[in-house]
Amino acid sequence: MSLRLAEHAGFCYGVKRAVELAEQAAASGKKCVMLGHLIHNDSVIARLEAMGISSVERPGDVPEGAAVIIRSHGEPRAVFELLESRGAEILDATCPNVSQIHKIVAEAEQNGRQSVIIGSPEHPEVRAIAGWCRRGVVLADCEALERWLDEEPENRAKPITMVSQTTSTRADWDLCVEKAKKECTNLKVFDTICGATCKRQRAAQALAAESNAMIVIGDRKSANTRHLAELCRALCPMVIWIERGAELEPSNLYGKASIGITAGASTPGWIIKEVYDKMSDEIMEIEESFAELLEKSI
Ligand code: F3S
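All values derive from a computational prediction rather than experimental measurement. (Residues numbered from 1 in each chain as written. Predicted model: local features only at pLDDT ≥ 70, side-chain atom pairs only at ≥ 80, totals over all residues.)

Lining the immediate environment of the ligand, one finds 14 residues, of which Cys12, Gly14, Cys95, Thr166 and Cys194 sit closest. Of all the elements in the fold, those that place two or more residues in the shell around the ligand are helix 1 (13-28), helix 4 (96-110) and helix 8 (195-209). With three residues, the top contributor of residues to the shell around the ligand is helix 1. (Near = placed C-beta within 6 Å. Helix = DSSP H or I, 4+ residues; strand = E, 2+ residues; numbered from the N terminus.)

Moving on, we come to the UniProt feature "binding site: (2E)-4-hydroxy-3-methylbut-2-enyl diphosphate" (unreviewed entry) in the chain. Mapped onto the present numbering, the UniProt feature "binding site: (2E)-4-hydroxy-3-methylbut-2-enyl diphosphate" (unreviewed entry) falls on His40, His73, His123, Thr166, Ser222, Asn224 and Ser266. With respect to the helices and strands, the residue Ser222 is situated in the loop between strand 10 (213-217) and helix 9 (223-233). Residue classification places Ser222 among the buried residues on the basis of 22 C-beta atoms within 10 Å. When residues no more than four places from it in sequence are discounted, the contact partners of Ser222 are His40, Gly264 and Ser266. By the element assignment, Ser266 lies in the loop between strand 12 (258-263) and helix 10 (269-297). A tally of 28 C-beta atoms within 10 Å means that Ser266 is categorised as buried. With residues up to four places along the chain from it excluded, the contact list for Ser266 reads Val15, Ile39, His40, Asn41, Gly218, Asp219 and Ser222. (UniProt positions renumbered as here; feature names shortened; annotations may be inferred. Buried ≥ 20, exposed ≤ 12 C-beta atoms within 10 Å, placed from the backbone. Contact = placed C-beta atoms within 7 Å.)

Before going further, it helps to spend a moment on the packing of helix 8 against helix 9. Axis separation between helix 8 and helix 9 bottoms out at 9 Å; the angle between their running directions is 30 degrees. Taken as axis vectors, helix 8 and helix 9 run roughly parallel relative to one another. Between helix 8 and helix 9 lies a crossing whose hand is right-handed. Contacts between helix 8 and helix 9 pair Thr197, Arg200, Gln201, Ala204, Gln205 and Ala208 from the former with Asn224, His227, Leu228, Leu231 and Cys232 from the latter. (Axes fitted to C-alpha atoms, helices over the stretch in contact; angles between N-to-C directions. Parallel < 35°, antiparallel > 145°, perpendicular 65-115°, else oblique. Left-handed = near helix turned anticlockwise from the far one by under 90°.)

Turning our eyes to something else, we now look at the sheet that holds strand 5 (residues 89-92). The four strands are arranged 3-2-4-5 in an open sheet whose pairing can be described as parallel. Each edge of the sheet is formed by a strand with only one pairing partner; in this case those strands are strand 3 (54-56) and strand 5. Taken over all neighbouring pairs, the strand axes of this sheet differ in orientation by 35 degrees on average, direction set aside. Pairing between strand 2 (residues 32-35) and strand 4 (residues 67-70): four bridges, direction parallel. Bridging across to strand 4, Leu35 finds its partner in Ile70. (Pairing = 2+ DSSP bridges.)

Glancing now at the nonpolar core. With 48 residues, the main nonpolar core has Ala22, Leu38, Ile69 and Val105 as its most contacted residues. A domain split of this core shows at least three residues from each of domain 2 (13-94) and domain 3 (97-189). Those residues in contact with Leu38, other than ones at most four positions away along the chain, are Ala18, Val19, Ala22, Ile45, Leu48, Ile69, Arg71, Ser72 and Ala93. (Core = buried A, V, L, I, M, F, W, Y, C linked by C-beta atoms within 7 Å. Domains from an automatic or database assignment.)

Quick look at the sheet that holds strand 1 (residues 2-5) now. Reading across from one edge, 1-12-10-11 is the order of the four strands in this open sheet, with parallel pairing throughout. Strands at the two margins of the open sheet, each flanked by one partner only, are strand 1 and strand 11 (239-242). Here the average twist between neighbouring strands, direction ignored, is 20 degrees. By the bridge criterion, four bridges tie strand 10 to strand 11 in an arrangement that is parallel. Paired with Val216 across the bridge in strand 11 is Trp241. In the packing of helix 8 onto the sheet, the strands contacted are strand 1, strand 10 and strand 12, and the crossing angle to strand 12 comes to about 165 degrees. Helix 9 contacts strand 10, strand 11 and strand 12 of the sheet and is inclined by roughly 175 degrees relative to strand 10.

Here it is as structure tokens:
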């Protein structure tokens, strides 16, 4: 039985940067809260809370005199303005890749262009991007794009700037780009899927194609982990999605010759290690008992 970890898995640099910023704030002893959960990982959030960084849901809930950490998904412009007006110290952990999208849609609007954001309408990153342009439209996928184009005849002729949620899958985005290029007469496309996402998706696909089973580690709320699981399912007969090692039942994997592990961008190394160690111990036990059986049978 072999156990392999995908070449790229776990924390991306944007998430790592956000967590380090929060840890530094906690170590400095300053009164500090995070606005919303810093990243999509309940275990990491619980750890930060234990270090004294609690989370608040709304900008109005930030206690007076406290610094506030903006999560890696970013926030709408209005949230920054409100916090500034209240005199809060802002520790901005917005991933630079996400900030770049804010800039693109804000400039598009200044230039009279219609921003089209391809992504999950409910995802905090997407809601934040939409909050940097007043007339932006959020479309979940190629079908939604098609419906929007059909809604008003003039939509096809509008000056459109199209961007993507950073964690979209390449295949979904390519379909949207193809459709928009075919239909729209004044289109600017910015491929804003992040490099870390692409690397994790490609590495997971490569490993899934060579494995009898895949373990995908990541929080249930994590969009990029969900995409990893979907991509693996298309290539591997058995995919198990877990948040922590305790959820794993290794006996479900008996008889699988090769097992792969991948993890979403908000999964810390210590959870990956927890799963890897649990599986390694189990494999060792299986192999030892198999060797014993073999010996007895001879
Ligand atoms: Fe940033 Fe990409 Fe991670 S956008 S937060 S580096 S998945």
